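Survey of secondary and tertiary structure
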Amino acid sequence: MKILGISASPRGSKSQTLRLVKAVLDGARSKGCEVELVDLCKLNIEYCNACGICHKKGKCYKKDDFQALYKKLLAADGLVMGSPNYFRSVSAQMKTLIDRMAYAVHCQLLRGKYAVNVATAGGVKNERQVTKYLDEIMLTFGSFVTGSAGTSVRLGFRAMETAERKAFRLGEKLAGDVRARRIYIKQGRIHEETGKYFRQLVDMNKDEWIHEHKFWSRASK
Ligand SMILES: Cc1cc2nc3c(=O)[nH]c(=O)nc-3n(C[C@H](O)[C@H](O)[C@H](O)COP(=O)(O)O)c2cc1C
C-alpha cells in the first residue's frame with residue numbers, strides 16, 4: 001500500500017499545511033502503508049501551455065520534474081493533497097500540477113485510488129474553500145475521497161493540534177480504504193457520470209486526440 005503526500009506551500013518546514021500532510025502520512029504509516037512526502041514547491045514544474053500533445057500522444061513533451069512526480073502519483077494507491085488557501089483556492093504550484101494532468105482526467109487515470117485532502121487558511125473556515133475544491137478535483141480524476149481536514153491558522157496552536165489529530169485519523173482511514181478497496185456508492189455514481197462525459201468528449205475529438213481515443217477503445221473491450 002503506497003501513499004504519496006504532496007504539500008504545495010512554498011514555506012518549506014514552516015508550513016502548517018505540510019504539518020497536516022505529514023500527520024495523514026503518519027496515520028497511514030501506522031497502519032502499514034509505505035509513505036512518501038513531496039514538497040511540490042521544491043520541484044520545477046512548468047505551466048501547461050494547452051498544446052494538446054498529451055491528448056494526442058499520451059504524454060507531455062515537457063522535460064521537467066512533472067514526469068517523475070506523475071509516475072509516482074500513478075503508482076500510488078492513496079494520495080494526500082495539501083495546499084494553503086491562496087485567494088480562495090489552491091496555491092499556484094498545486095494548480096500548475098493539476099493543469100498538467102489533463103490527459104489523466106480525460107482517461108480517468110486515478111480510478112481505484114483514494115485521496116485525503118488537507119488545507120490551512122488565514123481566515124476562519126476558509127480552509128474549506130480549498131478542501132472542497134480538492135475533493136471535487138480528485139473525484140473528477142476518478143479517485144475516491146476518503147475525507148479532508150484543515151484549520152485556520154488564526155485559531156492558534158490548539159486548533160492546529162486538533163486538525164493534526166483529525167489528519168492522523170484520516171491517514172488511518174485511508175489505509176483501511178486502500179486495503180479493503182472500499183466503494184463509496186455516491187462517489188461511484190459521480191465517477192460513472194464523469195467517465196461518460198470524458199469518453200464522449202474524447203470521441204468527439206477522436207481524430208485529434210488519438211492516444212486518448214485508443215485508451216477508451218481498449219477500455220471498452
Ligand atoms: C498569496 C497569499 C494569499 C492568501 N489568500 C488567502 C485567502 O484568500 N484566504 C485565507 O483565508 N487565507 C489566505 N492566505 C493565508 C494562508 O492561507 C495561510 O497563512 C496558510 O495557513 C498558509 O499555509 P502554510 O503555512 O502551509 O504556508 C493567503 C496567503 C498568501 C501568502
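Residues numbered from 1 in each chain as written. Predicted model: local features only at pLDDT ≥ 70, side-chain atom pairs only at ≥ 80, totals over all residues. Heavy atoms only, no water.

1. Observations regarding the site of the ligand
Close to the ligand lie 16 residues, the nearest being Ser9, Arg11, Ser15, Thr17 and Asn85. Between the ligand and the protein, one listed contact pairs an oxygen atom with a side-chain N or O atom of Ser15 at 2.6 Å. Within the complex, 72% of the 640 Å² of free accessible area of the ligand lies under protein. Elements that contribute at least two residues to the shell around the ligand include exactly helix H1 (16–30) and strand S4 (114–121). Looking at the shell around the ligand, its residues break down into five nonpolar, nine polar and two charged. (Near = heavy atom within 4 Å. Polar contact = N/O pair within 3.5 Å; in protein donor to acceptor, adjacent residues only side chain to side chain. Areas by Shrake-Rupley, 256 points an atom, 1.4 Å probe, with all protein chains shown as cover. Helix = DSSP H or I, 4+ residues; strand = E, 2+ residues; numbered from the N terminus. Nonpolar A, V, L, I, M, F, W, Y, C, P; charged D, E, K, R; others polar.)

2. A word on the pattern of salt bridges
Under the definition given, this model contains ten salt bridges. One salt bridge connects Asp64 with Arg100, and the closest N-O pair in it is separated by 2.8 Å. In this pair, Asp64 is assigned in the loop between helix H2 (53–57) and helix H3 (66–75) and Arg100 in the loop between helix H4 (92–99) and helix H5 (102–106), connecting sequence segments 36 residues apart. Summarising the burial analysis for this pair, Asp64 and Arg100 share the class buried. One salt bridge in this structure joins Glu193 and Lys196, with 3.5 Å as the shortest N-O distance. (Salt bridge = Lys/Arg side-chain N within 4 Å of Asp/Glu carboxyl O. Buried < 20%, exposed > 50% of the residue type's maximum accessible area, 1.4 Å probe, protein only.)

3. Overview of the side chain of His55
Examined against the element boundaries, His55 turns out to sit in helix H2. Here the side chain of His55 touches Glu212 through a polar contact of 2.6 Å, side chain to side chain. Each residue touching His55, except ones within four places of it in the same chain, is listed here: Ala102, Tyr103, His106, Trp209, Ile210, His211 and Glu212. (Contact = heavy atoms within 4.5 Å.)

4. What about the layout of surface pockets?
If you add up the space inside the largest pocket, you get close to 160 Å³. Around the largest pocket sit 14 residues that line it, and Cys48, Ala50, Cys51, Gly52 and Cys54 are the ones nearest its centre. For the lining of the largest pocket, the element with the highest residue contribution is H2, accounting for three residues. Grouping the constituent residues of the lining of the largest pocket by class yields eight nonpolar, three polar and three charged. (1 Å grid on protein atoms, 1.4 Å probe; cavity = no way out; pocket = protein on both sides within 12 Å on 5 of 7 lines; lining within 4 Å. Points joined across faces, edges and corners; volume = space filled by probe spheres on them.)

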